Amino acid sequence: MADRRRVNGPVGATIPPVFEDEEVQTQETQRVTRSRAPNGIRKMYLKTGVTPSASGSAYLEIETSGKDGVSGLKLSCTVHGPRSLPRSSPFSPHIILSTHVKFAPFATKQRRGYLRDPSERDLGTHLEAALRGAIIADRWPKSGVDIIISIIEGDQDRETSGAQGDDTWDMMNALSGCITVASAALADAGIDCVDTVAGGVAALVKDGGETGTARIVIDPISSEHESIEAACCIAYLPTRDEITNLWFKGDMPDHDMGIYSELVQQGIQASKLANRVLVESLGETVK
Amino acid sequence: MATSASQTLAIPGQLLGSASKYQPGPGTHIHESNLYSSLLGAVHVVQPAKAPGPVKRLTKITPAAPPAELPTISVSRSGVSEKREVLPEVGNTVLCRVVRIMPRQAVVAILICGDTVLDAEWQGLIRVQDVRATEKDRVKIYESFRPGDIVRAEVISLGDQASYYLSTARNELGVIMATSEAGNTMYPVSWKEYRDPETGLGEPRKVAKPY
């Protein structure tokens, strides 16, 4: 959409130049292959209460694949509410959830605009579905809660070229991060929830060219594999053993129907691991 | 009522106990006969008041003692309890400020619910039939409230999309603080009049009985 209110920069990639070390003599950049176990997730940092003016807030960082200790996904979430609904809205006996997810313009390799685009609205809808299953809505009649997530850095490895890695799979990682950070911020805000929700991603990846076999890994990074066939993002409630949101994307092999449930199971595993980080960080909030 | 506060931490979804051993308090919910926490905070268990023992009278037939009450378990964020938003519920006493008066209702902004100062802007409505308990048909809103008065009222209903319904139809409900047209704070003289100390003029209000 044309954004005429601002003086926008040139449309296109905003990757800063990365200069090679003099000692490194590699002719071509090696693709970083996955060094984690297929059922291990990346290190995560989660802290609540970072925005004092909001009812609840949380900040999440996930490390990247390129270098150890460098983070690739940075999310900040603020929750405002419960607040009264505007006069024009109809009576509602339960709380009205509204979610806004926005990538900062400098967050991804392709510069994004200041106004929300359809992919961000999509993320917001998935996030709302994931959280609606966890919030006890009828304790707060005639109220609304606003969840606003800013993605400060998208999960894209700056070291790899634009040809490797795919933007669409990075959205899944961003969504699972959004679910986890929103759940932490909701608990910080004091909104009644049935359980803590955590997000996890499982993918069917193919390495080794045409003859390679497909295997399932969790917390995938698109630049680490030759191709990602399919992926699914799960929002899971551990105590209740329930899934509140499920997003599947990609091409599945049609000879094996069991792959669907296998991917979901691995997604649940990833959620459980993320939930452990969430529980520990909430425990630190109250101390 | 004996209170014992245990400092165990609870996160949403944490199992607190069985519903046959505890009563659910604020911050908890029941699922499949078990009590789970719905908030992040410290767990508090409140023992019920002990029922008085039976009176010793040989000729009196007393019914069987009522079953012992269960302790109530609740979760609250200790230390920041003022920060937690509460919702006005039916039966709560609230303090509000009159925003606008109309021939058949007064629109108020609810400021304090119980003991908590509210963060959010809740609107309330005092209809003409809820102003006082007697002679409801002869109430004049202009002689009961004025814009800017502070009123103690009781929530009688969740109301419609825009406002809660409030009532001042008891002796201790009504205007507790009012400013005269000359701009001075007035003091109450009767159930229906406030007086300005400087000018000596009285103004009609529905006055709350001072405690």
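For the structure, see preceding data.
We now turn to the structure provided with this report. (Residues numbered from 1 in each chain as written. Chains lettered and ligands numbered in written order. Predicted model: local features only at pLDDT ≥ 70, side-chain atom pairs only at ≥ 80, totals over all residues. Heavy atoms only, no water.)

Within chain A, the secondary structure is distributed over three helices and nine strands. Along chain A, from the amino end to the carboxyl end, the secondary structure elements read β-β-β-β-α-β-α-β-β-β-β-α. For chain A, buried positions account for 51% of its 287 residues. Considering only contacts within chain A whose residues lie at least 6 apart along the sequence, 70% involve residues at least 24 apart. For chain A, the accessible surface area stands at approximately 13800 Å², while carbon and sulfur atoms represent 51% of it. (Helix = DSSP H or I, 4+ residues; strand = E, 2+ residues; numbered from the N terminus. Buried < 20%, exposed > 50% of the residue type's maximum accessible area, 1.4 Å probe, protein only. Contact = heavy atoms within 4.5 Å. Areas by Shrake-Rupley, 256 points an atom, 1.4 Å probe, with all protein chains shown as cover.)

What follows is about the pattern of salt bridges. Should their charged atoms come close, side chains of opposite charge can pair. Residue and element names in this part refer to chain B. Scanning all chains against the criterion turns up 17 salt bridges over all chains. Between D149 and R205 there is a salt bridge, with the nearest N and O atoms lying 2.7 Å from each other. Placement of D149 in the loop between strand 10 (116-127) and strand 11 (150-157) and of R205 in the segment after strand 16 (202-204) is noted, with a sequence separation of 56 residues between them. Residue classification places R205 among the buried residues on the basis of a relative accessible area of 2%. In this structure, E203 and R205 form a salt bridge, with 3.1 Å as the shortest nitrogen-oxygen distance. (Salt bridge = Lys/Arg side-chain N within 4 Å of Asp/Glu carboxyl O.)

What follows covers the sheet that holds strand 4 (residues 28-31) of chain B. Residue and element names in this part refer to chain B. Ordered by their spatial adjacency, three strands build an open sheet running 2-5-4, and the pairing between neighbours is antiparallel. Of all the strands in the sheet, just strand 2 (15-18) and strand 4 have a single pairing partner and so form its edges. Put simply, the sheet's adjacent strands are angled 30° from each other on average, direction ignored. Bridge count between strand 2 and strand 5 (residues 34-37): three bridges; the pairing is antiparallel. The partner of G17 across the bridge, within strand 5, is L35. (Pairing = 2+ DSSP bridges. Axes fitted to C-alpha atoms, helices over the stretch in contact; angles between N-to-C directions.)

As a further point, take the nonpolar core. Note that soluble globular proteins tend to have their nonpolar side chains buried in a common cluster. In this structure, V79, I147, I149 and I151 of chain A together with L166 of chain B are the most contacted members of the largest nonpolar core, which totals 83 residues. When residues of this core are assigned to their parent elements, the largest contribution, 14 residues, is made by helix 2 (residues 167-189) of chain A. (Core = buried A, V, L, I, M, F, W, Y, C linked by side-chain atoms within 4.5 Å.)

What follows concerns the interface of chain A and chain B. The partner chain B presents 31 residues to the 31 residues of chain A that form the contact. Summing the contributions of chain A and of chain B, the shared interface buries around 2600 Å²; its carbon and sulfur component is 58%. By the criterion of area lost to chain B, the three top residues of chain A are R87, K142 and V286 of chain A, representing 24% of everything that side buries. Linking chain A with chain B are zero salt bridges, by the criterion used here. (Buried area = accessible area lost by both parts, 1.4 Å probe.)

Moving on: the environment of Q23 of chain B. Residues and elements named next belong to chain B. With respect to the helices and strands, Q23 occurs in strand 3 (residues 23-24). Q23 sits in the partly exposed class, given a relative accessible area of 38%. With 131 residues separating them in the primary sequence, Q23 and E154 have C-alpha atoms 27 Å apart. Sequence-distant contacts of Q23, defined by excluding residues within four places in its chain, comprise L35, L70, P71, T72 and I73.

So, about helix 1 (residues 118-132) of chain A. All names here are of chain A. For helix 1, built from 15 residues, the straight-helix expectation of 21 Å at 1.5 Å per residue is met to within 8% by its first-to-last C-alpha distance of 21 Å. Taken together, the buried positions of helix 1 are E120, L123, G124, H126, L127, A130 and L131. Down the axis of helix 1, the sector holding all buried residues measures 165°, keeping them to one side. Structural note: helix 1 exposes P118 and R132 on the side pointing more than 90 degrees away from its buried face. (Expected span 1.5 Å × (residues − 1). Arc of directions from axis to C-beta.)

What follows concerns the environment of R127 of chain B. Relative to the helices and strands, R127 of chain B resides in strand 10. Other than its neighbours up to four places away in sequence, R127 of chain B contacts R104, Q105, I156, Y165 and L166 of chain B.

On to the sheet that holds strand 14 (residues 187-190) of chain B. Residue and element names in this part refer to chain B. As summarised here, the arrangement of the three strands in space is 14-15-16, forming an open sheet in which the pairing is antiparallel. Looking at strand neighbours, the two that pair on one side only are strand 14 and strand 16, the edges of this open sheet. Strand-to-strand, the axes of this sheet are offset by a mean angle of 35°, without reference to chain direction. Where strand 14 and strand 15 (residues 193-195) come together, three bridges link them in antiparallel fashion.

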